[in-house]
Amino acid sequence: MSAPRVVITGVGPVTAAGIGRTALADALVAGRSGIRPRARIAAPGLRAQTAGELQGFDVAEYLETPKTYLDRSSELAFAALSLALEDANLDLSTVDKSSAGLMLGTAYGSLETMATFYADLLDKGPRLVKPVLFPHSYANTAISLLAIEYGLAGPHLLFTSGGVASAQALLTAFDWIRAGRASLVFAGGMDALSLPLLTGLELAGLASPADGGPERCTPFDRARNGYVPGEGAGILVLESDHAAAARGAPVLGELLAAGTAAAADGSSLALETGLARAMALALRGSRSVDAVVAAANGSPAADAAEARALRRVFPTGVPVTSANPLWGETAGAAGALQVATALAMFESGTIPAILNLTDADPACPVQAVMGAPRAVPLERVLVNAVDAGGTAVSLLLGKGT
Amino acid sequence: MGVVSPVGLNVADFWSALLRGESGIRPLTRFPTTDYAFSAGGEVRGFALPPPLAAAGADADLATQFMLAAAAEALRQAGLPGTSDPAAGAVVVSTNFGGILAGERLLAHAHGKGPATGRDFAEYGFQTCADRVARAWALAGPRVSLSLSCASGTAALGHAFDLVRSGRAAFAFAGGYDALSPFVWSGLSALRTMAKDAVRPFDRNRAGTIFSEGAGALIVEDAGHARRRGARPLCEVLGYGVNNNAFHMTAPAKEGAGSAQVMRAALADAGLAPAAVDHINAHGTGTKPNDVTESQAIQAVFGEHAARIPITSIKSTVGHMMGAAGSVEAIASVLTLREGVIPPTTNFRERDPECALDYVFNEKRAAAVTTVLSNSAGIGGCNAAVILRRVEGAA
């Protein structure tokens, strides 16, 4: 018996540019960015004042039961799973929840709640911390709360691998379904903006404007100067083709293959090599890809390394886009949101242009889609996810049939 | 295998302390505990990075240093990476709190109370430990960080096993690590699951667990890859399971339903009948709810056979090493397979009628164990279990 195919039957994107599959598709087609001056986390002392911040987001719209407290990242995850279930038209009372998997990724976990808890420790001492906050400060708080809320008692894995976290969750869900060890997995990731995160990004010189110039999110552009942080969540409903067919689910796309590798050292060349190997593993010898959703986010070195890796794998070129300028670098959510982007591209038959890219950097040898979206038949799209520490994941998506 | 623990800074010292039942619980010294409700914990003492890593790891967070030292011991024993293809080597690490001491500097700075650097931000990052392990040995295969509360270490071993059997890696490093810090200690104290003096798993008067720190590392390798390079296995990984109670953030499920389910999943994955298991290295935290529900879960899964399975919890001696707990418990399980002796569950005084199984109380026990199940659980309702089997003619 051949291994099951892995199909995507629902998607729940939560981004600053749009919430839900339709809003995301609209934002991609219109090239409408959600990056703007921050409102929720003012932090006027920081150089960076813009972010892909969800404004006007109210988790209550997505909750089955009221909650007394949720970390921001848990809120985003709750919204994403609720939207994914609705999009998949999946009634959980009709599935075996004891085997339904939940595999998510996050780079920063519940950092804001950690900060709130820790502030009491600093200001008032250890006996006056708020005990209720501590269980909400774990990296696995969001994933475990989702399992509890929806009764998802099957395989439960939280990846904390930085910028590839949700892509690894998707890769692992793919492996479990292919191996016949699961037939339904909710996979994706979430990350929230918080003051310690923004502070850390500035200290580490990762956020635009790392060069002190204007803030911008310009992947592959000569003027790129770091990334603009964003927040969001993306959860996809992955099913074996049999399970999806049995319930007559519409198929939004298929996860055809996945590859992962990493840089052996901290050099840009090693990152390029690792990413090229991840793409080659996902492609398994074929180069028949209609477009690439790149991980590129405006980081000077990483964008160039990804561009060179793309040239290695596609010597004759391939159209490349990046959704990062729409909602910012969402870290643990990025891979899942990039897969959601690929699904929207299949549906619209267009490759979105890379927003803000006007002066293509010759050091980034890619066929970037610039200016206007490109209408083109799309059958197979490759999605990259990269962590700055050197880990790469590449996911090959096929159009649903 | 490699260990950094409160009872030993390498596998040999750790194992001999376990067999002697020598406790690693002492008053904490890293930070003042006068204002805390609890002051005794399992701190790693006398630790320094081994010389080959001393320079490269000096600016790593302490938790990551624990992991690097355990990794050095494990990779040296395995003879890896040696001349193996660097791209064939995966790294899987797991933790609850990551580089928390660096993280606290970042949190304090963001709160306007103290300095922090970009290095602190990087060292707090959960993936940084995996990057550091991989770079120290130039491993370029899949690189994964996991965080599943106190089931983390077992989940990392299981995920490493998955990467090898799916062909994504020829060998995979599986590690768990965590360090104690004011953030961690204040939070765990507030949870009210700790005892003041000793961990007494399965004892009628058990009062809670005591948290500790350190790291554990195991190398999972494809059998053919090991044979070709002339390496002899320490044991075989047969199967694993990982799930969630889907019940409550901090309370265990009724009658240990999720724990029972994860042990059944591990048995199914291993293709084993329950009667094939002849030892369980239990989660055994020493809290009232865990030990009774875990015992109920074992009873439910193993039925009549349950009473014939010797069960132990090494948390009585090493404390609860959080993200490293599953890793060091798997290491103890491997050593039991190899040496035919089960380390004791120490501090036992009085039988609990609700914990009615065969626990190896107070004294180590000779037992020719062939198949061991190591069980873990954690906050949020995470569970993981792994099954290991003795290999004849092992190294």
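Placed above this text is the structure.
Along each chain, residue indices are assigned from 1 in the same order as the chain's sequence is written. Working convention: letters from A go to chains and numbers from 1 go to ligands, in the order in which they are written. Local features in this predicted model are restricted to residues of pLDDT 70 or higher, and side-chain atom pairs are both shown and tallied only at a pLDDT of 80 or more, whereas totals for entire chains, interfaces and linings draw on every residue. Side-chain descriptors were evaluated using all non-hydrogen atoms of the structure, hydrogens and water having been removed beforehand.

Peer 1: Explain the overall build of chain A here, please?
Peer 2: Check the secondary structure of chain A and you find 11 helices and 16 strands. A compact globule built from 401 residues should have a C-alpha radius of gyration of about 21 Å, and chain A, at 20 Å, falls within 12% of that. When its C-alpha atoms are laid out on the principal axes, chain A stretches across 65 × 55 × 40 Å. Any residue under 20% of the maximum accessible area for its type is buried, any over 50% is exposed, and the rest in between are partly exposed; the area is computed with a 1.4 Å probe on protein chains only. Per-residue burial for chain A yields a buried fraction of 65% across its 401 residues. Contacts are assigned to residue pairs with any non-hydrogen atoms lying within 4.5 Å of each other. Intrachain contacts of chain A at a sequence separation of at least 6 include 78% that bridge at least 24 residues. Reported accessibility uses the Shrake-Rupley method at a 1.4 Å probe radius. Residues are deemed covered only where the shown protein chains occlude them. Accessible area for chain A stands at about 12600 Å²; split by element, carbon and sulfur atoms hold 54% of it. If the 28 positive side-chain charges of chain A are averaged to one point and the 36 negative ones to another, these points end up 4 Å apart. Secondary structure is summarised from DSSP: a helix means a run of H or I of at least four residues, a strand means a run of E of at least two, and numbering begins at the N terminus for each. Radius of gyration here uses only the C-alpha atoms, and the compact-globule reference equals 2.2 Å multiplied by the residue count raised to the power 0.38. Residues scored as positive are Lys and Arg, those scored as negative are Asp and Glu, and His as well as the terminal groups of each chain are ignored. In plain terms, the charge of a residue is placed at NZ if it is Lys, CZ if Arg, CG if Asp and CD if Glu.

Peer 1: Looking at this structure, I do not really get helix H10 (residues 257-270) of chain B. What am I missing?
Peer 2: One turn of an α-helix holds 3.6 residues; hence residues three or four places apart share an orientation. All names here are of chain B. Every helix has an expected span of 1.5 Å times one less than the residues it contains. For H10, with 14 residues, the first-to-last C-alpha span of 20 Å sits near the 20 Å given by 1.5 Å per residue. If you check which residues of H10 are buried, you get Gly-258, Ser-259, Ala-260, Val-262, Met-263, Ala-266, Leu-267 and Ala-270. Where the residues of H10 are buried, they touch strand E8 (236-244), helix H11 (288-302), strand E13 (371-378) and strand E14 (382-389). In the segment just after H10, Gly-271 is the residue with positive phi, at about 70°.

Peer 1: Explain the side chain of Ser82(A) here, please?
Peer 2: Mapped onto the elements of the fold, Ser82(A) is located in helix H2 (residues 72-87). In contact with Ser82(A), other than residues within four places in its own chain, are Tyr62(A) and Tyr150(A).

Peer 1: I would appreciate a short explanation of the interface of chain B and chain A in the present structure.
Peer 2: Interfaces are frequently sized by the accessible area removed from exposure as the parts join. Listed per partner, the contact involves 63 residues of chain B and 67 residues of chain A. Buried area: the accessible area, evaluated with a 1.4 Å probe, that two parts lose upon being put together, summed over both parts. Three residues, Phe121(B), Arg168(B) and Met249(B), lead the burial of chain B against chain A; their summed loss comes to 13% of the area buried on that side. Salt bridge, as used here: a side-chain nitrogen of Lys or Arg that lies within 4 Å of a carboxyl oxygen of Asp or Glu. The interface formed by chain B and chain A contains three salt bridges. Asp162(B) serves as the salt-bridge partner of Arg181(A), at 2.9 Å between the closest nitrogen and oxygen. Residues adjacent in sequence count toward polar contacts only when both atoms are side-chain atoms; beyond that, a polar contact is any pair of N or O atoms within 3.5 Å, and within protein one must be able to donate a hydrogen and the other to accept it. The interface formed by chain B and chain A contains 21 residue pairs in polar contact (both at pLDDT 80 or more). Among the elements of the structure, helix H4 (100-110), helix H5 (118-124), helix H6 (126-136), strand E5 (143-146), helix H7 (152-165), helix H8 (182-190) and E8 of chain B are those that each provide at least two residues to the side of chain B that touches chain A. Throughout this entry, Asp, Glu, Lys and Arg are counted as charged residues, while Ala, Val, Leu, Ile, Met, Phe, Trp, Tyr, Cys and Pro are counted as nonpolar. The remaining residues, Gly among them, count as polar. Broken down by class, the residue content of the side of chain B that touches chain A amounts to 34 nonpolar, 19 polar and 10 charged.

Peer 1: Is there a simple way to think about the pairing of strand E9 (residues 253-262) of chain A in this case?
Peer 2: On any regular strand, side chains alternate: one points to one face of the sheet, the next to the other face. All names here are of chain A. The buried fraction of E9 amounts to nine of the 10 residues, a majority that puts the element mostly inside the structure. Bridging between strand E1 (residues 6-15) and E9 involves three bridges; their strand directions are antiparallel. Note that in E9 the partner of Val-7 across the bridge is Glu-254. Think of it this way: DSSP has to see at least two bridges between two strands before they count as a pair. Sheet analysis places E9 next to strand E16 (residues 391-399), joined by nine bridges and oriented antiparallel. Looking at E16, one finds that Ala-258 is bridged to Leu-395.

Peer 1: Any chance you could explain the packing of helix H6 (residues 195-203) of chain A against H4(B) here in plain terms?
Peer 2: Contact geometry for H6(A) and H4(B): axes closest at 9 Å, N-to-C directions at 105°. Here H6(A) lies roughly perpendicular to H4(B), going by the angle between them. From H6(A), Leu195(A), Pro196(A), Thr199(A), Gly200(A) and Leu203(A) reach across to H4(B), where they touch Leu106(B), Leu107(B), His109(B) and Ala110(B). Class assignment for the residues of the contact of H6(A) with H4(B) results in six nonpolar, three polar and no charged. Only the contacting stretch of a helix is used when fitting its axis, a line to C-alpha atoms as for every element, and angles between N-to-C directions run 0 to 180 degrees. Under this scheme an angle from 65 to 115 degrees is roughly perpendicular, one under 35 degrees roughly parallel, and one over 145 degrees roughly antiparallel; angles in between are oblique.

Peer 1: Is there a simple way to think about unusual backbone geometry in this case?
Peer 2: Only a minority of non-glycine residues have a phi that is not negative, and only a minority of peptide bonds are not trans. The residue after Ser208(A), namely Pro209(A), is reached through a cis peptide bond having omega 0°. Relative to the helices and strands, Pro209(A) resides in the loop between H6 and strand E8 (232-240). Cis geometry is adopted by the peptide bond preceding Pro81(B), which originates at Leu80(B) and carries an omega value of 0°. On the secondary structure map, Pro81(B) appears in the loop between helix H3 (62-78) and strand E4 (89-94). A positive phi angle is found at Asn89(A), which is not glycine, with a value near 50°.

Peer 1: I tried to follow the pairing of E8(A) on my own but got confused; where do I start?
Peer 2: Residues and elements named next belong to chain A. Counted residue by residue, E8 has nine buried out of nine residues, so it is predominantly covered. Covered by surrounding structure in E8 are Gly-232, Gly-234, Leu-236, Leu-238 and Ser-240 together with Ala-233, Ile-235, Val-237 and Glu-239, the residues of both alternating faces. Across eight bridges, strand E7 (residues 184-191) lies against E8 in antiparallel orientation. The partner of Met-190 across the bridge, within E8, is Ala-233.

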